[in-house]
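A closer look at the structure
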Amino acid sequence: MKPKKLLAALLSVTYALPLAGCTAFTGIDASHYENAHGSLINPDASAEAVYLMQYLKSIYGKQILSGQYINEYEDYDQPKFRQDENNPDSVPTVFKANELQAVHSVTGKYPALLGLDVSGVESGSRCFSARQAMEWHNAGGIVTICWHWTVDNLDGKPRAFYTEETDFSLSAALAEPNGALYQGLLADIDAVSEELKILRDAHIPVLWRPLHEASGGWFWWGADGADCYRQLWNILYDRMTNYHGLNNLIWVYNGQDPDWYVGDDKCDIIGDDPYYPDNSRTAYRRDPANSKRFKSTYRASANKMIAMTENDFVPSPDAMFDKGTKWLTFCTWCREFVCAQQPTTDGSTVYAPEYGSPYTTAEELRSVYQDSRVITLDTLADRGYQPQQDGQN
């Protein structure tokens, strides 16, 4: 487990309006939802990626995909995750993930979108995300994957993704393409690409969200500024797409600042992770759709669909439609954001498969999952998402 620090004060940063040289922002043009791009930047995109993108375009501004991240679960091969805990030949199932059990216990439903992480693949750690993604896809669901990239600074210290935990300098690495640091980045990309090829070869499309929350600076890929970040984004895209042929990926930009935008030709969807200041219920009540953050994200480009790619509080569908800030998705973060926390005898905390969030209440979550505008796993097919298992759509 790699616990995600809340860093709520940083994550809640909003962007000054207007930008220098721009006129005052007046709101979201209602035509945005119709005109946002439904095509992919990769001319060789796979049939399944094209199909998923077209589906997302068809629901944008009309319906919302529910989503939930699950923990990485290094112990995923343990009996508690088996379909039959008492049968040693029974295989693990993603539906036994604590977060999914917690959500289902309250709503009677599962989310349409499953959030996963491939962190650790670059260092050789075991990762079950590809297996979990395959099961979720075969159950009719949609998959999004992020990457908490633990970088090696080649100084003998442990790999890390937080800026404060590594001396790695992206600008120094980029300055020497033949140097060990730069080549180390390529090796990491190659390792993760091999993992994602499992999904490519199984004809599974992925909403791929790398280098997330960059402008905050708390991750090393954002610590050296927007120019270095964009260079790394381009390297990552070229390596994964043109070298490794990962044509099943739909690229989600999540830089968290319009000034960091990679460009309409470099991403397919724009994401934002709008955690409220200090995860505050008071702040949530003032803006239960996080409409302010939607408008800030819209300023990066009016041409792209906008997704809530992580969240603490689940947004209110009523508020989204009332404010005209209709996120494509929400995807609640894992562990304490949905799971009850249980103390142990050694003073640590474990997360239970029961709902116990200090953020969205059980009643609020149930209301959202039962809203006719919110798509869940059991309603995806009825709402038009019917991908073929062989990738031919």
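Predicted model only: the values in this text are computed from it and were never measured.

Attention now moves to the overall build of the chain. A tally of helices and strands in the chain yields twelve helices and eleven strands. The C-alpha atoms of the chain give a radius of gyration of 20 Å, which matches the 21 Å a tight globule of 393 residues would have. Overall size of the chain, expressed as C-alpha extent along the three principal axes, is 55 × 50 × 50 Å. Taking the intrachain contacts of the chain between residues at least 6 apart in sequence as the baseline, contacts between residues at least 24 apart amount to 73%.

Let's shift gears to the packing of helix α5 (residues 129–138) against helix α7 (residues 180–201). Running from N to C, α5 and α7 cross one another at 20°; their axes reach a closest spacing of 9 Å. Regarding the angle of α5 to α7, the classification is roughly parallel. For the pair α5 and α7, the crossing hand works out as right-handed. Here A130, A133 and M134 of α5 lie close against α7, whose contacting residues are E195, I198 and L199. Looking at the contact of α5 with α7 residue by residue, the classes come out as five nonpolar, no polar and one charged.

Predicted coordinates in areas of low pLDDT are best not read in detail. For the chain, the average pLDDT comes to 92, and 92% of its residues sit at 70 or higher. Predicted confidence for residues 1–25 stays below pLDDT 50, and this span has 65 contacts to residues more than four positions away or in other chains.

The subject of this paragraph is the pairing of strand β5 (residues 206–209). The alternating pattern of β5 places V206 and W208 on one face and L207 and R209 on the opposite face, and all of these are buried. Across three bridges, the pairing between strand β4 (residues 142–146) and β5 is parallel. Paired with I145 across the strands is W208, a residue of β5. A crossover links β5 with its parallel partner strand β6 (residues 249–253), the connecting element being helix α8 (residues 226–243), and its sense is right-handed.

A few words now on unusual backbone geometry. A positive phi angle, close to 50°, is found at Y73, a residue other than glycine. Tracing the backbone shows Y73 in the loop between β2 (67–69) and α4 (98–107).

With that out of the way, let us pick up the packing of α7 against α8. When two helices pack together, their arrangement is captured by the angle between the axes and the distance separating the axes. One can describe the packing of α7 onto α8 by two numbers: an axis separation of 10 Å at closest approach and a directional angle of 45°. Taken as axis vectors, α7 and α8 run oblique relative to one another. Regarding α7 and α8, the two cross each other, and that crossing is right-handed. Every residue of α8 that contacts α7 at Y182, L185, L186, I189, D190, V192, S193 and L196 is listed here: L232, I235, L236, R239, M240 and Y243. Taken together, the residues of the contact of α7 with α8 sort by class into eleven nonpolar, one polar and two charged.

This part takes up the packing of aromatic side chains. Inspection of every chain in the model, using the stated rule, returns 35 aromatic pairs. Considering the side-chain rings of Y229 and Y253, the 6.4 Å spacing of their centres and the 55° angle between planes classify their relative orientation as tilted. With Y229 in helix α8 and Y253 in strand β6, this residue pair connects regions lying 24 residues apart in the sequence. Accessibility expressed as a relative area gives 0% for Y229, which makes it buried. It is R239 that lies over the ring of Y243; its NZ or CZ is 4.0 Å from the centre. The ring centre of F321 lies 5.0 Å from the NZ or CZ of R373, which sits over that ring.

So, on to the sheet that holds strand β3 (residues 113–117). Pairing is parallel in the open sheet, where seven strands are placed in the order β2-β3-β4-β5-β6-β7-β8. Here the strands that pair on one side only, and so sit at the sheet edges, are β2 and β8 (305–308). Taking each pair of neighbouring strands and ignoring which way they run, the sheet shows an average axis angle of 30°. As paired elements, β5 and β6 share three bridges and run parallel to each other. By the bridge assignment for β6, V206 is matched with L249. On the sheet, α7 packs against β4, β5 and β6 and is oriented at approximately 160° with respect to β5. Where α8 meets the sheet, it contacts β5 and β6, and its direction lies at approximately 175° from that of β6.

Structurally, D188 can be placed in helix α7. Of the polar contacts made by the side chain of D188, one reaches the side chain of R159; its length is 3.1 Å.

End to end, helix α3 (residues 47–59) covers 19 Å across 13 residues, agreeing with the expected 18 Å (1.5 Å per residue, within 8%). By the burial criterion, the buried members of α3 are E48, A49, Y51, L52, M53, Y55, L56, K57 and I59. Phi for G61, located one or two positions after α3, is positive at around 85°.

The element helix α10 (residues 291–298) is largely enclosed, with a buried count of six among its eight residues. Those residues of α10 not exposed but buried are S291, R293, F294, S296, T297 and Y298.

If you look at the biggest cluster of nonpolar residues, it comprises 125 residues, and the most contacted ones within it are W149, W208, W220, M240 and I269. A per-element tally of this core places α8 first, with nine residues. When neighbours within four sequence positions are excluded, I269 is seen to be in contact with M53, L56, L207, I250, W251, V252, Y253, M305, A307 and L328.

Attention now moves to the pattern of salt bridges. Inspection of every chain in the model, using the stated rule, returns 16 salt bridges. Across the pair R200 and D201 runs a salt bridge, and its minimum N-O distance is 2.9 Å. In this structure D201 comes out as exposed when scored by relative accessible area, which is 52%. We note a salt bridge from R293 to D272, for which the minimum N-O separation is 3.1 Å. Residue R293 is located in helix α10, and its partner D272 is located in strand β7 (residues 269–272); the two are separated by 21 residues in the primary sequence. An identical accessibility class is assigned to R293 and D272; each is buried.

Procedures and definitions
- Residues numbered from 1 in each chain as written.
- Predicted model: local features only at pLDDT ≥ 70, side-chain atom pairs only at ≥ 80, totals over all residues.
- Heavy atoms only, no water.
- Helix = DSSP H or I, 4+ residues; strand = E, 2+ residues; numbered from the N terminus.
- Rg over C-alpha atoms; globule rule 2.2 N^0.38 Å.
- Contact = heavy atoms within 4.5 Å.
- Axes fitted to C-alpha atoms, helices over the stretch in contact; angles between N-to-C directions.
- Parallel < 35°, antiparallel > 145°, perpendicular 65-115°, else oblique.
- Left-handed = near helix turned anticlockwise from the far one by under 90°.
- Nonpolar A, V, L, I, M, F, W, Y, C, P; charged D, E, K, R; others polar.
- pLDDT = per-residue confidence, 0-100.
- Buried < 20%, exposed > 50% of the residue type's maximum accessible area, 1.4 Å probe, protein only.
- Pairing = 2+ DSSP bridges.
- Right-handed = clockwise from strand over helix to strand, strands pointing away.
- Phe/Tyr/Trp six-rings, centres within 6.5 Å; stacked < 30°, edge-to-face > 60°.
- Lys NZ or Arg CZ within 6 Å of the ring centre and 35° of its normal.
- Polar contact = N/O pair within 3.5 Å; in protein donor to acceptor, adjacent residues only side chain to side chain.
- Expected span 1.5 Å × (residues − 1).
- Core = buried A, V, L, I, M, F, W, Y, C linked by side-chain atoms within 4.5 Å.
- Salt bridge = Lys/Arg side-chain N within 4 Å of Asp/Glu carboxyl O.

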